[in-house]
Every structure is written in structure tokens, then in C-alpha cells.
Amino acid sequence: MTQGERRIPARRTVLGAAGATVLGASTALAAGTGTAQAAAADRGEDRTPGRGHGYRSLPVPTVIGHRGASGYRPEHTLGSYRHALDLGAHVVEQDLVPTRDGHLVCRHENDITGTTDVADHPEFASRRTTKTVDGVALTGWFTEDFTLAELKTLRAKERIPATRQENTLYDGRWTIPTFEEVLRWAEDEGRRRGREVWLHVETKHPSYFRSLGLGLEERLAKLLRRYGRHRANSPVFLQSFEPSSIQRLAKLVDAPGVVLLSGAGSRPWDFVEAGDPRTVADLVTPEGLRWIASYAQGIGPTLDLVIPKDASGRLGTPTTLVRDAHAQGLILHPYTHRNENAFLPAEYRKGTDPTAYGDAFGSLKRYLETGIDGIFADNPDTALLAAADLAGRD
């Protein structure tokens, strides 16, 4: 066993203990919520999932389990989602892509080469192909070339095994979940835990899929209505990097929408296709934010739009984005915080091993102090403890 192999379990043990503390607090909170629900039932109030108090009732900062608890389990599996809740995450994220027969499944991308064992299935060898998705040529296997029944023969695996070697322990344990399965799971978990299970649902590459006759928004809206998550106060956020997808969803359901924003110089792909010259830099101006607020309730900017980095990778001075978005009534759920050195600002890295944990708490402190309303985190327990630290200083 190498020195690195000895160090990593010790690091996880420490955070596991911290997570247990958070979980204890979450369990107490859930118990209190269950009591409140019982009292509400006695008063004749409806506290069933989908009929809560809306997104403004969530804790601030809200901790969103990014693709579940992807720092600890292979992303977008029921195991990852469940672990995020066990660690105390307030919201759990799903990314949606379609199958050939029109089912919505949870994958970060339609290219499933790196997140499933599809390459080990000789019966699907001929499905490997090259496609251009949002202007980028990709070679691999794609969900839209498989029926749901075929996808269900595959098993999920860790996307970045070189960085998260321990997560490979869970390779092959779970299948690819459909979004309908996640909705049923959320209902069951809500009853078991005595509280609503919040979801943060992204439409991936919506213009691309619409061009294939596999439009995401109508399918998503139908499922949300079927499971009572289509209302303004439903425990769900709807997010997309394409503003037109959120505009389309806003006409179909009343659930809160969040426009995701990438690098300042980038353009949403629907803007590219429509010939709209605006960039993300235009959308984060007061005028751009006012336009977003006309159909959405929040934005999900990259963390660099909140605090940019300098040429050395160190954090600089916060922008005015938080203040400007709040002035338009928008909440901010930036993405994505991770514990490993490779993903942290330069001044919060420890040692030279990119896979080792750095000063994640120091990094989170800087971001949370800007006044953001929530944060996507691969390690929800770390983010929750950082949020508790911040509250303790107030």
C-alpha cells in the first residue's frame, strides 16, 4: 500500500465523522418537520410533497448535491442521490437526456462512454459513433441511440476514476435511473424522512434533442404534472444552459426556473443557433438579469462569475453579480464546489497531489461570504459544515 492509499481513507474518515454530525442535525430537523407536518394535518393544511412553501423556504445557503453526492458515489445513480440526502443536502440534482424511445434518463451527458460499462458490451459495439453536439464533435455511445430497455442492461461507473479512485468500488452497483424512477424515489424518501425531497433538474442540450424530434420540455412537464411537481411552490427547480428551454418550460409549468451561465465569453447554444449575438457577459449585466427575471426565478452561474480568478488561479475580487441579481429578485445557485486540489482555487490547495483534499472550507468561506443563496457541491457534507461555520460567526 502506498502512502497515498493510507492518506485517503483517513481523510474520508475525518469527513465521515463530520458528515455524521451534519446528519445528526438533519435527522433532528427531519423529526421536527415530521411533527410540524402532523400538526398541519390536524389543522387541515396540505403538506404533501409538491405542495410546500416554495423555494424561498429553503435554508440559505442552500446546499445542492451535485449529481447526488458525486464526490463519494458514481454520479446520477440512486446510490449517489440517496447518499446526498444522508449527508444532509437540501436539494439533489438530476441532468436529463432522452432515450431513442423518448424516456428521460439521468446522465450528465448523452455520451455515456465514460459513465457506464457500455464499452464492455459487444452487442453494442456497432453503436459507437461520432456526433456533433452543440458544435463539439464527440465519439462514443449516446443515449438517443438506445431504447430504455437496452440502457437498463448497462451499469453505471465512476466518471473520473483517476481522481476518485475510491468511487470505483461502486462501479456496476447501480443502473441508469429514469427521471420517473427518481420522482417515485423522491416520494418514497420524502415519506420515510418526513420532509419534501427537493430536486434540481437540468435539461441537457435541449436544442440538439429537439432537432432529433426528442424535445425534452414537454416530456419533463408531463412527468412533473403526473407527480404533482409542476406548481410554483413544488419542491423542484428547473434549470438549463439554454434560456429558451426555461422560457418554454415556464409556459408549461409553474415550477421555478434557473438559467445556468457558463464562462463570460461563451454564448448559450440556442443563442448561437438563433443568431443572437449576446454572450454570458451580456446576461450578467443589470439589463441581462432583468431579462432573465422576466421568465425565471434564479441563475446558476459558474463560480468564476461570482469571484474571478487571476492568472495564477487565485481568487480575486468578487463581482457585483450577487448584488445585481438580488436587485432583480433572482436567487443565485453557483456551480460547482469540489474538495480535491485539482478543482480548488490555487491558494486553497494543499500539497502537490491533485487528487488530495485541499482547504475546501477556506474556499467555501470565500464563496459563501458573497451572499450567494446556494451552491452546487460534490461533497454536500463539507458545504453544510462551511455554511454552519458562516452562520456561527453571524
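Look up a bit, the structure's there.
Within every chain, residues take consecutive numbers counted from 1 along the sequence as written. A pLDDT threshold of at least 70 governs which residues receive local features in this predicted model, and a stricter bar of 80 or more applies before side-chain atom pairs are shown or counted, although totals over entire chains, interfaces and linings include all residues. The basis for every side-chain value is the complete set of non-hydrogen atoms in the structure, without hydrogens or water.

The convention used is that axes are lines fitted to C-alpha atoms, helices contributing only their stretch in contact, and that angles between N-to-C directions extend from 0 to 180 degrees. Comment: elements are numbered from the N terminus, with helices defined as DSSP H or I runs of at least four residues and strands as E runs of at least two. Their axes nearest at 10 Å, the elements helix α6 (residues 216-226) and helix α7 (residues 243-252) cross at an angle of 40°. Of the possible angle classes, the one that applies to α6 and α7 is oblique. Every pair of crossing elements has a handedness; the one defined by α6 and α7 is right-handed. Between α6, through E217, E218, L220, A221 and R225, and α7, the contact on the second element is made entirely by S245, R248, L249 and L252. Amino acids outside the nonpolar list (Ala, Val, Leu, Ile, Met, Phe, Trp, Tyr, Cys, Pro) and the charged list (Asp, Glu, Lys, Arg) are all regarded as polar, and Gly is one of them. A breakdown of the residues in the contact of α6 with α7 according to their chemical character gives four nonpolar, one polar and four charged. Put simply, angles under 35 degrees are roughly parallel, angles over 145 are roughly antiparallel, angles from 65 to 115 are roughly perpendicular, and the rest are oblique. Whether a crossing is left-handed or right-handed is set by the direction in which the near helix is turned from the far one by less than a right angle, anticlockwise for left-handed and clockwise for right-handed. Working rule for contacts: check all heavy atoms of both residues, and any pair within 4.5 Å makes them a contact.

So, on to helix α10 (residues 286-293). Each residue's exposure class comes from its accessible area (1.4 Å probe, protein chains only) as a fraction of the maximum for that residue type: buried when under 20%, exposed when over 50%, partly exposed otherwise. Three or more residues of α10 are buried, namely G288, L289 and I292. Relative to the axis of α10, the buried residues are bounded by an arc of 95° and lie together on one face. On its buried face, α10 sits against β8 (257-261), α9 (280-283), β9 (298-301) and α12 (321-327). Our arc is simply the arc of the directions from the helix axis toward the C-beta atoms.

For the rest of this paragraph, the subject is the packing of aromatic side chains. A pair of aromatic rings is counted whenever rings of Phe, Tyr or Trp (Trp by its six-membered ring) have centres within 6.5 Å, and the orientation is called stacked for planes under 30 degrees apart, edge-to-face for over 60 and tilted otherwise. Applying the stated criterion across every chain, the model contains nine aromatic pairs. Centroid distance F124 to F146: 5.0 Å. Interplanar angle 75°. Geometry classified as edge-to-face. Here F124 is found in the loop between β3 (104-106) and β4 (129-133), whereas its partner F146 is found in the loop between β5 (136-140) and α3 (148-151), with 22 residues between them in sequence. As far as burial versus exposure is concerned, F124 and F146 are alike and both buried.

Note on terminology: a nonpolar core comprises buried Ala, Val, Leu, Ile, Met, Phe, Trp, Tyr and Cys residues joined through side-chain atoms within 4.5 Å. Counting 82 residues, the largest nonpolar core has F179, L199, L220, L238 and I299 as its most contacted members. Not counting residues up to four positions away in its chain, the partners in contact with F179 are Q94, L96, L104, V105, C106, L199, V201, L220, L223 and L224. One finds Y55, L58, V91 and V258 within the second-largest nonpolar core, a separate group that totals 11 residues.

We now examine the side chain of D270. Among the structural elements, D270 can be located in helix α8 (residues 269-274). Charge counting follows a simple rule: Lys and Arg are positive, Asp and Glu are negative, and His as well as the terminal groups are ignored. A pair is scored as a salt bridge if a Lys or Arg side-chain nitrogen falls within 4 Å of a carboxyl oxygen belonging to Asp or Glu. In this structure D270 is buried but unpaired, with R278 as the nearest side chain of opposite charge at 8.0 Å. Apart from the residues lying within four places of it in its own chain, the contact partners of D270 are S207, E242, P243 and S244.

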